[in-house]
Amino acid sequence: MEINRIKTQRALAPTQISLADYVINPYRGCSLGCRFCYVRFNKNVVRRKQAWGEFVDVKENLPLLLEQELKDISPKRVLLGSTTEVFMPEEERFRLTSKIIKILAKNTIPVVILTRSPLIEKYLPLLCYSLKNKIYFTFIKRPLKISQPLEPKSASWQRRRKTLKAIIKAGISLRVHIGPFIPFLDNLDEVLKVMPEGIREIEVEIFNPYLGNWPELRKILTPFADAPLLQNIDILYSQKQPYNEFCQELKYSLERVKKRYGFSCRLLICPRSKFYTPDIIYEPPAGNPF
Ligand code: SF4
């Protein structure tokens, strides 16, 4: 793992992601190195020609810059971690994320955090300063033989379940992000069965294959998944109709989930041929769950 201490030009970057008006990524790269990660297709990462998961740039001047920028900018809400895991193990050493949260707290600027890491548990007391703070926590249950090759350094679903409980106990607004949901391989009912009491919001994000990452994932999964299942995924992602039918069926499933569990549910689907669209509304007005 290559760790580089770097200086960044700015802390707050305007974002089109509908969760916030500014984003902060205290690290570049990610030591968890999930094999499905979309960030590795980012042009800056591709240009770098280093394996994803093998480098972390630590933006060590970022907290200082943030303090300066907040004299001129008043964000409505800040998103932490759109292109990195802000609670990767390196955070224990460099503490950039915790410094940033402290600065945002001091200025009462709400924060949205995207994470899959149980390390966030240590920081929950820090995150109670605003009712507008929210944690999007990634959780999915897969058999170990599948999850291990896909996300070798992530915590197990059992460990992440404990983190969900801790967030609920801390009373911080929470949405469970189920993703990337790989059609046929993942089973929504299996995930929901192990969801702890107290969850109010979930979202399911269908695996996005449009940057060419399915063939590579397929290779990784071939020793562990049944061949007919993988062929079904091939068909789904190569033809429009089966894909649309699958999305429609998943949508119906989520409507049933909503009735059965009382969750608010979102289904996140990227349009075919696009990697990301700012049209995705994560938090629509009440009464419009999809
Ligand atoms: S933790 Fe998030 S940012 Fe890091 S590799 Fe996994 S998906 Fe990508």
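The structure we're discussing is the one just above.
Please read these numbers as outputs of a predicted model, since none were measured by experiment.

For the rest of this paragraph, the subject is the side chain of Ser31. Secondary-structure assignment places Ser31 in the loop between strand S4 (27–29) and helix H1 (43–48). A relative accessible area of 5% means that Ser31 is categorised as buried. At a separation of 2.6 Å, a polar atom in the side chain of Ser31 contacts the side chain of Glu90. Apart from residues no more than four positions distant in its own chain, Ser31 is found in contact with Met1, Gly53, Val56, Met88, Pro89, Glu90 and Lys153.

Okay, the sheet that holds strand S2 (residues 13–14) next. Strand pairs in the sheet, formed through backbone hydrogen bonds, run parallel or antiparallel to each other. Reading across from one edge, S2-S3-S6-S7-S8-S9-S10-S11 is the order of the eight strands in this open sheet, with mixed pairing throughout. Lying at the two open borders of the sheet, with one neighbouring strand each, are S2 and strand S11 (264–268). In the sheet, strand S10 (residues 201–206) pairs with S11 via five bridges, with the strands oriented parallel. Within S11, the residue paired with Ile202 across the bridge is Cys265. Packed onto the sheet, helix H6 (residues 157–170) meets strand S8 (134–138) and strand S9 (173–181) and runs at close to 165° relative to S8.

In the structure shown here, the tally under the stated rule is seven aromatic pairs. Centroid distance Phe87 to Tyr123: 5.0 Å. Interplanar angle 40°. Geometry classified as tilted. Within this pair, whereas Phe87 is found in the loop between strand S6 (78–80) and helix H3 (91–94), its partner Tyr123 is found in the loop between strand S7 (111–115) and S8, the two being separated by 36 residues in sequence. Note on Tyr123: relative accessible area 4%, which makes it buried. Aromatic side chains Phe207 and Tyr237 sit 5.9 Å apart centroid to centroid with 75° between the ring planes, which places their arrangement in the edge-to-face category. With Phe207 in the loop between S10 and helix H8 (213–221) and Tyr237 in helix H9 (residues 227–238), this pair connects stretches of sequence that are 30 residues apart. Side by side, Phe207 and Tyr237 carry an identical accessibility label, which is buried. An aromatic cluster is built from Phe207, Trp214, Tyr237 and Tyr243, whose rings are joined through pairwise contacts. For Arg48, the ring lying beneath its charged end belongs to Phe55, and the centroid distance is 3.9 Å.

Calculation rules
- Residues numbered from 1 in each chain as written.
- Predicted model: local features only at pLDDT ≥ 70, side-chain atom pairs only at ≥ 80, totals over all residues.
- Heavy atoms only, no water.
- Helix = DSSP H or I, 4+ residues; strand = E, 2+ residues; numbered from the N terminus.
- Buried < 20%, exposed > 50% of the residue type's maximum accessible area, 1.4 Å probe, protein only.
- Polar contact = N/O pair within 3.5 Å; in protein donor to acceptor, adjacent residues only side chain to side chain.
- Contact = heavy atoms within 4.5 Å.
- Pairing = 2+ DSSP bridges.
- Axes fitted to C-alpha atoms, helices over the stretch in contact; angles between N-to-C directions.
- Phe/Tyr/Trp six-rings, centres within 6.5 Å; stacked < 30°, edge-to-face > 60°.
- Lys NZ or Arg CZ within 6 Å of the ring centre and 35° of its normal.

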